[in-house]
Amino acid sequence: MKIKYFFMIGLLISSSVIFNSCSTDNLIETSTSENTNTPETKLTKFVAGVPDSRSSMDRTTHSFFWEAGDNIWVQDEDGNWNVSANHVDQHCSQFVFNVPGRYVSGHQYKVFYTGKYGETRNYNEVGFSTMQFQKEPDNTIHIGDYGDCGVAVAQSIGNSYFSFALEHKSSILLFQPYTANTVLDNCYLTRIEVKSDDEFAGTYIFDPADNPIALKSSIYNTSNSAAVITKGDPGSAYEKGFPLQTRTPNPAQNGAYMAIKPGTYKFTVTYVIKDYTTEQEVKITKELPIRTYEANKFYNMPQDLKFLVYPSNNYYMWDAQENFWAGHEWDPNNLYASGTTYGKNSTLLAGSPQSNTADPTRWCNETFPGVNVPNRATSNLFKTLPNANELAWYVIKGDPRWDANKAWSIMGHLYKGGMWFKKMSVIANENGKTLGAIRRLAPTGVDFRKYYQNYTNTEASISSGVPASSEIDKYFYLPAIGYSLTGGVVRIGDDTIYWSDTADPNNQNAAYGLYFINNATYVGNYVRTQGSYTIPFE
């Protein structure tokens, strides 16, 4: 992208000769210096008229515009850098800058564009902000505030005219999130966070002595992270954020731009999305391959926002033949409870099982063969679950790690919060055990199936962070998917209970389950009539 401009030295010409400006006031000739009548001491007019590249861009038409607050710096005949006496006052395609200093026809001069309100910084300073704001989708009006910049050499073209082509020195990222999942249709993109191992934001300088002129290392405010906030003003169409109702990349719906210093980076991009129904704000993070981002270019960054979706028909009483709300679904997507929408703390919902007599296939297995007699589940699904000893191994030796940010969905809404555990094959290998030995005895040396015991793990490692990417394949993830005590699901995103295949050998009304919250995991007994999530573990 290049941009052509013209400026004149003290010529008294009519506004009809000059390109139209944003405001007719900008076409008024500024008076000469009181100390001299030579043309070189007048304000020189830099006429920005050819629409090739300015400080904002219409992506669809490839039209470029000046924006309010834009101005330029020019190095004059005496080596002084002078900022234009005026700046752009509104969105427009052409503008006349008035610049003080001494200029001579036939000579050439360096020009810097350092972003909006350049007079507030030194002539060669450019600030790539770590916090950028975009109020509407597919709108670049803000990039001049946050790092868009350029340089040029003004060439004499005769008759005291000069022209220059502005070469932009920033890189522009165009994020284009999309998703095939309709869960996000009622959610909004509120910000995009970008991180790298190397710094790409901060305040940088142009060195006039360079040839070609390029951005130097940051002089202060160095940062390897930045964010663009994608929310409009209160009361505007985008006050909640940008919509996510597109199945393919569609910048017109949610395109977000970020200005960065050119360079080679391996970016990690996090999309922050809010579900205003549940008031959950979740993060979907993607790691991008290393790439060189060149100056004077913008880069399309399409991203399919994939996340885990859990079915709502996996809540069961212990060892029931059918799920908690079987036959009482109110939505084809298996949103349950006779039309009542779930929340994090929903109350009693119609359609939950009432008794063994009224709802035998949804009711728990009430069998109790006697104290200290192992009692395993009989239904096909429950026979695929870990037993009580295996749950103890997960809790004690599975290095549980709480993940507060991983996004997932259930019942048509977004949530976050869950725990990583080492896979059973990894646990067995690290502890020199066979899988059969682990099923027979807990790490304590006791068979939990025959003798009731419980165990709580509150090690600090639980809160120490997600497993490293180099180790993540050794783990599997369980969401904090809540449970049902009174017919409604509660505590979604906060904590949860997962069933085992093992009944409590001491209590005819209970069975073993795995519980976890953000700072603890626990294996112990829970009432069989509770609706807990039921899936095999890895």
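The structure this text deals with has already been given above.
Rules of the game
Residues numbered from 1 in each chain as written. Predicted model: local features only at pLDDT ≥ 70, side-chain atom pairs only at ≥ 80, totals over all residues. Heavy atoms only, no water. Core = buried A, V, L, I, M, F, W, Y, C linked by side-chain atoms within 4.5 Å. Buried < 20%, exposed > 50% of the residue type's maximum accessible area, 1.4 Å probe, protein only. Contact = heavy atoms within 4.5 Å. Pairing = 2+ DSSP bridges. Helix = DSSP H or I, 4+ residues; strand = E, 2+ residues; numbered from the N terminus. Axes fitted to C-alpha atoms, helices over the stretch in contact; angles between N-to-C directions. Salt bridge = Lys/Arg side-chain N within 4 Å of Asp/Glu carboxyl O. Lys, Arg positive; Asp, Glu negative; His and termini not counted. Polar contact = N/O pair within 3.5 Å; in protein donor to acceptor, adjacent residues only side chain to side chain.

Generally speaking, nonpolar side chains in soluble globular proteins are found buried as a group. Core analysis: the biggest nonpolar cluster contains 59 residues, and Y315, I410 and L478 have the highest contact counts within it. Ignoring any residue separated from it by four or fewer positions in sequence, one finds L478 in contact with G418, M419, F421, Y498, L514, F516, I535 and F537. Membership of the second largest hydrophobic core comes to 48 residues, among which are W73, I213, L244 and F267.

Let us look at the sheet that holds strand β14 (residues 171–178). Strand order in this open sheet of 3 strands is β20-β14-β25, and the pairing throughout is mixed. The open sheet has two free edges, formed respectively by β20 (256–260) and β25 (297–304), since each of these has just one partner strand. The mean angle between the axes of side-by-side strands here comes to 25 degrees, regardless of whether they run parallel or antiparallel. Relative to β25, β14 runs parallel, the two sharing 8 bridges. Its bridge partner lying in β25, F175 is registered against M301.

Right, let's get into the sheet that holds strand β16 (residues 201–205). Spatially, the 3 strands line up as an open sheet ordered β9-β16-β17, and their pairing is antiparallel. The two strands at the open ends of the sheet, each matched to only one other strand, are β9 (125–128) and β17 (220–223). Strand-to-strand twist of the sheet, defined as the mean angle between neighbouring strand axes without regard to direction, takes the value 30 degrees. Bridge count for β16 against β17 is 2 bridges, and the pairing is antiparallel. In the sheet register, A201 faces β17, and the bridge partner there is S223.

The next point concerns the pattern of salt bridges. According to the stated counting rule, one finds 22 salt bridges in the structure shown. For K422, the salt bridge identified is with E430, shortest N-O distance 2.8 Å. The class for K422 is buried, based on a relative accessible area of 13%. For E430, a relative accessible area of 41% puts it in the partly exposed group.

Considering the arrangement of structural elements, one finds D275 in strand β22 (residues 268–275). Put simply, D275 is tucked away with no salt bridge, and the nearest opposite charge, on K240, sits 9.2 Å away. A distance of 3.1 Å separates a polar atom in the side chain of D275 from the backbone nitrogen of L414.

Time to look at unusual backbone geometry. The residue D138 is not glycine, and still its phi comes out positive at about 55 degrees. Summarising the element assignment, D138 is placed in the loop between β10 (131–133) and α1 (143–146). Of note in the backbone geometry, N372 takes a positive phi value of approximately 65 degrees without being a glycine. With respect to the secondary-structure elements, N372 resides in the loop between β27 (315–316) and α3 (388–397). Looking at N372, the relative accessible area reads 29%, which means it is partly exposed.

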